[in-house]
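One letter stands for each residue in the lines below.
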Amino acid sequence: MKKISLGQDRFLRVTPMSKVFIIAEAGVNHNGSLELAKKLIDSAVEARADAVKFQTFKADKLLSKCAQKADYQKQATSVDETQYEMIKKLELDQNAHRALINYCKDKGIMFLSTPFDHDSIDLLISFEMPIFKIPSGEITNLPYLRHIGRLNKEVILSTGMANLDEVQDALEVLIKAGTSKVKITVLHATTEYPCPIDEVNLRAMQTIKNAFDVKVGYSDHTQGIEVPIAAVAMGACVIEKHFTLDRTMEGPDHKASLEPDELKAMVQGIRHIEKALGDGVKTPTASELRNIGVARKSIVAACEIRQGEMLTVENITSKRPGTGLSPMRWHEVVDTKAIRDYQQDDPITLF
(Lines give C-alpha, C1' and ligand atoms only; values in the text may rest on other atoms or scores of the structure.)
Protein backbone atom coordinates (compact mmCIF):
# COMPACT_ATOMS: atom_id res chain seq x y z
CA MET A 1 0.00 0.00 0.00
CA LYS A 2 1.42 3.38 -1.01
CA LYS A 3 1.90 5.75 1.91
CA ILE A 4 1.63 9.51 1.54
CA SER A 5 3.83 11.70 3.69
CA LEU A 6 4.46 15.41 3.61
CA GLY A 7 7.07 15.27 6.35
CA GLN A 8 6.72 15.90 10.06
CA ASP A 9 5.52 19.49 9.61
CA ARG A 10 3.41 18.46 6.56
CA PHE A 11 4.99 21.17 4.39
CA LEU A 12 5.38 20.46 0.70
CA ARG A 13 9.18 20.58 0.73
CA VAL A 14 10.94 21.75 -2.38
CA THR A 15 14.54 20.84 -3.21
CA PRO A 16 16.12 20.08 -6.59
CA MET A 17 15.32 16.40 -5.96
CA SER A 18 11.80 16.86 -4.54
CA LYS A 19 9.02 14.66 -5.83
CA VAL A 20 6.31 16.59 -7.67
CA PHE A 21 2.99 16.40 -5.82
CA ILE A 22 0.40 15.19 -8.34
CA ILE A 23 -3.28 15.87 -7.66
CA ALA A 24 -5.77 13.84 -9.66
CA GLU A 25 -8.73 16.25 -9.80
CA ALA A 26 -11.95 14.23 -9.69
CA GLY A 27 -13.86 17.44 -9.00
CA VAL A 28 -17.53 16.90 -9.73
CA ASN A 29 -16.97 14.12 -12.25
CA HIS A 30 -18.65 11.72 -9.84
CA ASN A 31 -21.98 13.13 -11.09
CA GLY A 32 -23.37 12.94 -7.56
CA SER A 33 -22.76 9.18 -7.27
CA LEU A 34 -20.76 7.82 -4.33
CA GLU A 35 -19.98 4.64 -6.24
CA LEU A 36 -18.70 6.62 -9.21
CA ALA A 37 -16.59 8.70 -6.82
CA LYS A 38 -15.01 5.52 -5.45
CA LYS A 39 -14.22 4.34 -8.96
CA LEU A 40 -12.49 7.66 -9.58
CA ILE A 41 -10.41 7.07 -6.45
CA ASP A 42 -9.50 3.61 -7.72
CA SER A 43 -8.39 5.15 -11.01
CA ALA A 44 -6.23 7.75 -9.24
CA VAL A 45 -4.61 5.01 -7.15
CA GLU A 46 -3.89 2.91 -10.23
CA ALA A 47 -2.31 5.95 -11.91
CA ARG A 48 -0.13 6.42 -8.80
CA ALA A 49 -1.21 10.01 -8.16
CA ASP A 50 -0.34 11.45 -4.75
CA ALA A 51 -3.83 12.75 -4.00
CA VAL A 52 -7.34 12.65 -5.38
CA LYS A 53 -9.35 15.84 -5.01
CA PHE A 54 -13.08 16.50 -4.98
CA GLN A 55 -15.12 19.68 -4.47
CA THR A 56 -17.04 20.62 -1.33
CA PHE A 57 -19.93 23.06 -1.59
CA LYS A 58 -23.55 23.78 -0.87
CA ALA A 59 -25.35 25.14 -3.91
CA ASP A 60 -27.35 27.54 -1.74
CA LYS A 61 -24.11 29.05 -0.41
CA LEU A 62 -22.20 28.98 -3.69
CA LEU A 63 -24.42 30.77 -6.19
CA SER A 64 -27.68 32.56 -6.68
CA LYS A 65 -30.47 30.83 -8.54
CA CYS A 66 -30.19 33.32 -11.38
CA ALA A 67 -26.48 32.67 -12.00
CA GLN A 68 -25.71 31.81 -15.63
CA LYS A 69 -23.70 28.85 -16.79
CA ALA A 70 -20.29 29.35 -18.37
CA ASP A 71 -20.15 28.67 -22.10
CA TYR A 72 -18.29 25.39 -21.60
CA GLN A 73 -20.96 24.29 -19.09
CA LYS A 74 -23.71 25.08 -21.58
CA GLN A 75 -22.00 22.91 -24.17
CA ALA A 76 -21.55 19.97 -21.79
CA THR A 77 -24.91 19.94 -19.97
CA SER A 78 -28.63 20.30 -20.64
CA VAL A 79 -29.69 23.71 -21.97
CA ASP A 80 -32.90 23.43 -19.92
CA GLU A 81 -30.95 23.21 -16.65
CA THR A 82 -29.81 26.27 -14.68
CA GLN A 83 -26.35 26.47 -13.16
CA TYR A 84 -27.97 26.17 -9.72
CA GLU A 85 -29.77 22.96 -10.73
CA MET A 86 -26.58 21.58 -12.26
CA ILE A 87 -24.51 22.34 -9.16
CA LYS A 88 -27.17 21.17 -6.70
CA LYS A 89 -27.10 17.59 -7.90
CA LEU A 90 -23.30 17.47 -7.68
CA GLU A 91 -23.15 18.14 -3.93
CA LEU A 92 -21.43 15.66 -1.61
CA ASP A 93 -22.87 15.66 1.91
CA GLN A 94 -21.03 15.04 5.18
CA ASN A 95 -21.63 11.30 5.10
CA ALA A 96 -20.34 11.08 1.54
CA HIS A 97 -17.19 12.95 2.54
CA ARG A 98 -16.61 10.60 5.46
CA ALA A 99 -17.09 7.55 3.25
CA LEU A 100 -14.69 8.85 0.60
CA ILE A 101 -12.06 9.86 3.15
CA ASN A 102 -12.17 6.40 4.68
CA TYR A 103 -12.03 4.80 1.24
CA CYS A 104 -8.94 6.85 0.38
CA LYS A 105 -7.29 5.76 3.62
CA ASP A 106 -7.96 2.14 2.76
CA LYS A 107 -6.50 2.66 -0.72
CA GLY A 108 -3.42 4.57 0.47
CA ILE A 109 -4.06 7.85 -1.32
CA MET A 110 -4.54 11.32 0.15
CA PHE A 111 -8.08 12.73 0.04
CA LEU A 112 -8.37 16.42 -0.74
CA SER A 113 -11.31 18.66 -1.52
CA THR A 114 -11.73 22.27 -2.54
CA PRO A 115 -14.19 24.20 -0.36
CA PHE A 116 -16.32 26.85 -2.06
CA ASP A 117 -18.00 28.45 0.97
CA HIS A 118 -17.47 28.98 4.70
CA ASP A 119 -19.58 26.01 5.79
CA SER A 120 -17.55 23.81 3.49
CA ILE A 121 -14.29 25.11 4.97
CA ASP A 122 -15.59 24.21 8.43
CA LEU A 123 -16.66 20.76 7.24
CA LEU A 124 -13.17 20.05 5.92
CA ILE A 125 -11.63 21.38 9.14
CA SER A 126 -13.72 18.83 11.04
CA PHE A 127 -12.16 16.11 8.86
CA GLU A 128 -8.65 17.44 9.62
CA MET A 129 -7.90 18.21 6.00
CA PRO A 130 -4.08 18.44 5.67
CA ILE A 131 -4.09 20.83 2.69
CA PHE A 132 -6.59 23.51 1.74
CA LYS A 133 -6.96 24.14 -1.98
CA ILE A 134 -8.28 27.59 -2.92
CA PRO A 135 -9.96 27.62 -6.34
CA SER A 136 -9.35 30.40 -8.85
CA GLY A 137 -12.82 31.83 -8.40
CA GLU A 138 -12.20 32.60 -4.72
CA ILE A 139 -8.91 34.48 -5.15
CA THR A 140 -10.74 37.82 -4.75
CA ASN A 141 -12.98 36.65 -1.87
CA LEU A 142 -11.50 38.44 1.16
CA PRO A 143 -13.60 36.78 3.93
CA TYR A 144 -12.99 33.36 2.41
CA LEU A 145 -9.22 33.93 2.19
CA ARG A 146 -9.11 35.16 5.79
CA HIS A 147 -11.02 32.08 6.96
CA ILE A 148 -8.48 29.73 5.38
CA GLY A 149 -5.53 31.95 6.28
CA ARG A 150 -6.38 31.78 9.99
CA LEU A 151 -5.94 27.99 9.91
CA ASN A 152 -2.19 28.17 9.20
CA LYS A 153 -2.55 24.99 7.16
CA GLU A 154 -0.80 24.01 3.97
CA VAL A 155 -2.45 26.06 1.20
CA ILE A 156 -2.52 25.58 -2.57
CA LEU A 157 -3.77 28.73 -4.31
CA SER A 158 -5.00 28.63 -7.90
CA THR A 159 -4.71 31.86 -9.86
CA GLY A 160 -6.85 31.45 -12.98
CA MET A 161 -8.33 34.76 -14.26
CA ALA A 162 -6.04 36.72 -11.89
CA ASN A 163 -3.41 39.32 -12.63
CA LEU A 164 -0.20 39.66 -10.63
CA ASP A 165 -1.63 42.33 -8.33
CA GLU A 166 -4.55 40.08 -7.41
CA VAL A 167 -2.17 37.22 -6.67
CA GLN A 168 -0.18 39.55 -4.41
CA ASP A 169 -3.34 40.71 -2.63
CA ALA A 170 -4.45 37.13 -1.97
CA LEU A 171 -1.02 36.14 -0.65
CA GLU A 172 -0.95 39.16 1.66
CA VAL A 173 -4.40 38.29 3.04
CA LEU A 174 -3.43 34.66 3.70
CA ILE A 175 -0.14 35.60 5.35
CA LYS A 176 -1.61 38.44 7.41
CA ALA A 177 -4.38 36.11 8.59
CA GLY A 178 -1.81 33.68 9.95
CA THR A 179 -0.52 31.32 7.25
CA SER A 180 3.25 31.15 6.89
CA LYS A 181 4.43 31.84 3.34
CA VAL A 182 6.44 28.62 3.36
CA LYS A 183 3.14 26.73 3.57
CA ILE A 184 1.71 28.34 0.41
CA THR A 185 2.05 26.93 -3.11
CA VAL A 186 0.72 29.10 -5.94
CA LEU A 187 -0.63 27.40 -9.06
CA HIS A 188 -0.67 29.12 -12.41
CA ALA A 189 -3.90 28.28 -14.25
CA THR A 190 -6.04 29.39 -17.16
CA THR A 191 -9.75 29.17 -16.37
CA GLU A 192 -11.22 27.80 -19.57
CA TYR A 193 -12.30 24.22 -20.26
CA PRO A 194 -10.53 23.09 -22.32
CA CYS A 195 -7.85 25.74 -22.28
CA PRO A 196 -6.61 26.81 -25.75
CA ILE A 197 -2.94 25.96 -26.08
CA ASP A 198 -2.02 29.54 -26.99
CA GLU A 199 -3.54 30.80 -23.73
CA VAL A 200 -1.54 28.53 -21.41
CA ASN A 201 1.32 31.01 -20.83
CA LEU A 202 3.46 28.64 -18.75
CA ARG A 203 6.07 31.35 -18.28
CA ALA A 204 3.60 33.12 -15.97
CA MET A 205 4.30 30.36 -13.45
CA GLN A 206 7.93 31.45 -13.32
CA THR A 207 6.83 35.09 -13.14
CA ILE A 208 4.85 34.26 -9.99
CA LYS A 209 7.81 32.43 -8.47
CA ASN A 210 10.19 35.30 -9.16
CA ALA A 211 7.76 37.98 -8.01
CA PHE A 212 6.81 36.45 -4.66
CA ASP A 213 9.52 33.88 -3.86
CA VAL A 214 6.94 31.13 -3.36
CA LYS A 215 6.61 27.51 -4.39
CA VAL A 216 4.74 27.24 -7.67
CA GLY A 217 2.82 24.66 -9.64
CA TYR A 218 0.34 24.35 -12.44
CA SER A 219 -3.36 23.50 -12.60
CA ASP A 220 -3.93 22.25 -16.13
CA HIS A 221 -7.10 22.50 -18.19
CA THR A 222 -5.62 21.77 -21.62
CA GLN A 223 -6.39 18.66 -23.60
CA GLY A 224 -3.66 16.04 -23.41
CA ILE A 225 -0.69 15.64 -21.08
CA GLU A 226 2.14 17.59 -22.72
CA VAL A 227 1.62 20.89 -20.91
CA PRO A 228 1.65 19.62 -17.29
CA ILE A 229 4.76 17.59 -18.09
CA ALA A 230 6.37 20.72 -19.54
CA ALA A 231 5.39 22.62 -16.38
CA VAL A 232 7.37 20.13 -14.30
CA ALA A 233 10.41 20.72 -16.50
CA MET A 234 9.95 24.45 -15.80
CA GLY A 235 9.91 24.03 -12.04
CA ALA A 236 6.36 23.13 -10.98
CA CYS A 237 6.32 21.31 -7.64
CA VAL A 238 2.54 20.63 -7.75
CA ILE A 239 0.48 19.49 -10.74
CA GLU A 240 -3.30 19.32 -10.73
CA LYS A 241 -5.26 17.75 -13.58
CA HIS A 242 -8.93 16.89 -14.05
CA PHE A 243 -9.76 13.29 -14.85
CA THR A 244 -12.85 11.22 -15.53
CA LEU A 245 -13.74 7.62 -16.17
CA ASP A 246 -15.29 8.50 -19.53
CA ARG A 247 -15.16 11.82 -21.40
CA THR A 248 -18.52 11.12 -23.03
CA MET A 249 -20.38 11.25 -19.70
CA GLU A 250 -22.82 14.10 -19.15
CA GLY A 251 -21.52 16.76 -16.81
CA PRO A 252 -19.71 20.11 -16.87
CA ASP A 253 -16.10 18.92 -16.63
CA HIS A 254 -15.89 15.50 -18.30
CA LYS A 255 -15.01 16.76 -21.78
CA ALA A 256 -11.95 18.67 -20.53
CA SER A 257 -10.67 15.77 -18.39
CA LEU A 258 -8.20 12.95 -18.90
CA GLU A 259 -9.39 9.36 -19.05
CA PRO A 260 -7.71 6.76 -16.80
CA ASP A 261 -5.02 5.61 -19.26
CA GLU A 262 -4.12 9.24 -20.00
CA LEU A 263 -3.87 10.07 -16.30
CA LYS A 264 -1.54 7.12 -15.83
CA ALA A 265 0.59 8.28 -18.78
CA MET A 266 0.78 11.80 -17.36
CA VAL A 267 1.96 10.59 -13.96
CA GLN A 268 4.53 8.33 -15.60
CA GLY A 269 5.71 11.18 -17.84
CA ILE A 270 6.12 13.49 -14.85
CA ARG A 271 8.10 10.89 -12.93
CA HIS A 272 10.37 10.40 -15.95
CA ILE A 273 10.96 14.15 -16.23
CA GLU A 274 11.75 14.33 -12.50
CA LYS A 275 14.49 11.77 -13.00
CA ALA A 276 15.72 13.53 -16.12
CA LEU A 277 15.98 16.88 -14.31
CA GLY A 278 18.53 15.43 -11.89
CA ASP A 279 20.32 17.42 -9.20
CA GLY A 280 21.86 20.10 -11.40
CA VAL A 281 25.47 19.13 -10.64
CA LYS A 282 27.45 18.94 -13.89
CA THR A 283 29.67 15.87 -13.57
CA PRO A 284 30.05 12.64 -15.59
CA THR A 285 27.43 10.05 -14.77
CA ALA A 286 28.25 6.44 -13.97
CA SER A 287 27.39 5.35 -17.51
CA GLU A 288 29.43 8.21 -19.01
CA LEU A 289 32.52 7.20 -17.04
CA ARG A 290 32.49 3.89 -18.90
CA ASN A 291 32.46 5.74 -22.24
CA ILE A 292 35.19 8.32 -21.65
CA GLY A 293 37.98 6.07 -22.88
CA VAL A 294 35.98 5.14 -25.98
CA ALA A 295 34.72 8.57 -27.05
CA ARG A 296 37.66 10.84 -26.19
CA LYS A 297 41.06 11.00 -27.86
CA SER A 298 44.72 10.71 -26.88
CA ILE A 299 47.89 12.17 -28.41
CA VAL A 300 49.40 9.57 -30.74
CA ALA A 301 52.09 9.29 -33.35
CA ALA A 302 50.91 10.33 -36.80
CA CYS A 303 53.77 8.37 -38.39
CA GLU A 304 56.91 6.44 -37.41
CA ILE A 305 59.04 8.51 -34.99
CA ARG A 306 62.57 7.76 -33.83
CA GLN A 307 63.88 8.32 -30.29
CA GLY A 308 65.33 11.82 -29.96
CA GLU A 309 63.33 13.16 -32.93
CA MET A 310 61.43 16.42 -32.27
CA LEU A 311 57.69 16.02 -31.81
CA THR A 312 55.84 18.49 -34.06
CA VAL A 313 52.35 19.17 -35.36
CA GLU A 314 53.39 17.18 -38.46
CA ASN A 315 54.28 13.90 -36.71
CA ILE A 316 51.72 13.77 -33.86
CA THR A 317 47.93 13.85 -33.89
CA SER A 318 44.96 12.96 -31.67
CA LYS A 319 42.88 9.80 -32.08
CA ARG A 320 40.63 7.51 -30.11
CA PRO A 321 40.77 5.83 -27.60
CA GLY A 322 41.14 8.38 -24.82
CA THR A 323 43.22 6.15 -22.59
CA GLY A 324 46.51 8.01 -23.10
CA LEU A 325 47.74 11.58 -22.86
CA SER A 326 44.89 14.07 -23.26
CA PRO A 327 45.05 16.46 -26.25
CA MET A 328 44.50 19.22 -23.69
CA ARG A 329 48.22 18.69 -22.90
CA TRP A 330 49.19 19.27 -26.55
CA HIS A 331 51.41 22.25 -25.63
CA GLU A 332 53.46 20.02 -23.28
CA VAL A 333 54.30 17.65 -26.12
CA VAL A 334 54.98 19.86 -29.14
CA ASP A 335 58.66 20.83 -29.58
CA THR A 336 59.92 18.16 -27.16
CA LYS A 337 62.06 15.15 -28.07
CA ALA A 338 60.65 11.66 -28.40
CA ILE A 339 61.77 9.61 -25.40
CA ARG A 340 61.55 6.37 -27.42
CA ASP A 341 60.70 4.98 -30.83
CA TYR A 342 57.01 5.17 -31.89
CA GLN A 343 55.07 3.36 -34.55
CA GLN A 344 52.07 5.03 -36.16
CA ASP A 345 49.14 5.34 -33.67
CA ASP A 346 51.32 4.55 -30.65
CA PRO A 347 50.31 6.74 -27.70
CA ILE A 348 52.81 9.51 -26.97
CA THR A 349 54.24 9.63 -23.45
CA LEU A 350 56.19 12.33 -21.65
CA PHE A 351 58.33 9.98 -19.52
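Calculation criteria
- Residues numbered from 1 in each chain as written.
- Predicted model: local features only at pLDDT ≥ 70, side-chain atom pairs only at ≥ 80, totals over all residues.
- Heavy atoms only, no water.
- Helix = DSSP H or I, 4+ residues; strand = E, 2+ residues; numbered from the N terminus.
- Rg over C-alpha atoms; globule rule 2.2 N^0.38 Å.
- Contact = heavy atoms within 4.5 Å.
- Areas by Shrake-Rupley, 256 points an atom, 1.4 Å probe, with all protein chains shown as cover.
- Lys, Arg positive; Asp, Glu negative; His and termini not counted.
- Charge placed at Lys NZ, Arg CZ, Asp CG, Glu CD.
- Buried < 20%, exposed > 50% of the residue type's maximum accessible area, 1.4 Å probe, protein only.
- Pairing = 2+ DSSP bridges.
- Right-handed = clockwise from strand over helix to strand, strands pointing away.
- Expected span 1.5 Å × (residues − 1).
- Arc of directions from axis to C-beta.
- Polar contact = N/O pair within 3.5 Å; in protein donor to acceptor, adjacent residues only side chain to side chain.
- Axes fitted to C-alpha atoms, helices over the stretch in contact; angles between N-to-C directions.
- Left-handed = near helix turned anticlockwise from the far one by under 90°.
- Nonpolar A, V, L, I, M, F, W, Y, C, P; charged D, E, K, R; others polar.
- Phe/Tyr/Trp six-rings, centres within 6.5 Å; stacked < 30°, edge-to-face > 60°.

1. Description of the overall build of the protein
So, point 1. From N to C terminus, the protein includes 13 helices and ten strands.
So, point 2. A compact globule built from 351 residues would reach a C-alpha radius of gyration of about 20 Å, whereas the protein, at 29 Å, exceeds it by more than 25%.
So, point 3. If one aligns the C-alpha atoms of the protein with their principal axes, the spans along those axes are about 100 × 45 × 40 Å.
So, point 4. If you take every contact in the protein between residues at least 6 apart in sequence, the share linking residues at least 24 apart comes to 68%.
So, point 5. Here the protein displays about 17,900 Å² of accessible surface, and carbon together with sulfur accounts for 50% of that area.
So, point 6. Looking at charge distribution, the protein has the averaged site of its 45 positive side-chain charges lying 5 Å from that of its 48 negative ones.

2. Side note on the pairing of strand β6 (residues 184-189)
The two faces of the sheet receive side chains in turn, since in a regular strand these alternate between them.
So, point 1. Counting buried residues in β6 gives six out of six residues, a clear majority hidden from the surface.
So, point 2. Because side chains alternate across β6, one face comprises the buried residues Ile 184, Val 186 and His 188, and the other comprises Thr 185, Leu 187 and Ala 189, equally buried.
So, point 3. Pairing geometry for strand β5 (residues 154-158) and β6, over four bridges, is parallel. Looking at the pairing, Val 155 lines up with Ile 184 of β6.
So, point 4. Taken together, β5, helix α8 (residues 164-177) and β6 form a β-α-β motif whose crossover is right-handed.
So, point 5. By the bridge criterion, five bridges tie β6 to strand β7 (residues 215-220) in an arrangement that is parallel. Within the sheet, the bridge partner assigned to Val 186 lies in β7 and is Val 216.
So, point 6. Handedness of the β-α-β unit built from β6, helix α9 (residues 203-212) and β7 comes out right-handed.

3. As for helix α5 (residues 94-107)
So, point 1. The end-to-end C-alpha separation of α5 is 20 Å, in line with the 20 Å expected for 14 residues at 1.5 Å each.
So, point 2. Taken together, the buried positions of α5 are occupied by Ala 96, His 97, Leu 100, Ile 101, Tyr 103 and Cys 104. All buried residues of α5 fall inside an arc of 165° around its axis, so they share one side. Turned more than 90 degrees away from the buried face of α5 sit Asn 95, Lys 105 and Asp 106, all of them exposed.
So, point 3. Where the residues of α5 are buried, they touch α1 (34-47), β2 (51-56), β3 (110-115) and α6 (118-126).
So, point 4. By the N-cap criterion, in which a side-chain oxygen at the helix start approaches the backbone nitrogen of a residue two or three places on, α5 is capped by Asp 93, the distance to Asn 95 being 3.2 Å.

4. With respect to the packing of α1 against helix α11 (residues 260-277)
So, point 1. Here α1 crosses α11 at 35°, and the two axes come no closer than 8 Å. As α1 packs across α11, the resulting crossing turns out to be right-handed. Here Ser 43, Ala 44, Glu 46 and Ala 47 of α1 lie close against α11, whose contacting residues are Pro 260, Leu 263, Lys 264 and Val 267.
So, point 2. For the contact of α1 with α11, the class distribution of residues is five nonpolar, one polar and two charged.

5. Points about the packing of aromatic side chains
So, point 1. One pass over the structure, following the stated rule, counts two aromatic pairs.
So, point 2. Relative to Phe 111, the ring of Phe 54 has its centre 5.7 Å away and its plane inclined at 20°; by these criteria the two rings are stacked. Within this pair, whereas Phe 54 is found in strand β2, its partner Phe 111 is found in strand β3, the two being separated by 57 residues in sequence. Here the two residues Phe 54 and Phe 111 agree in accessibility, since each one is buried.

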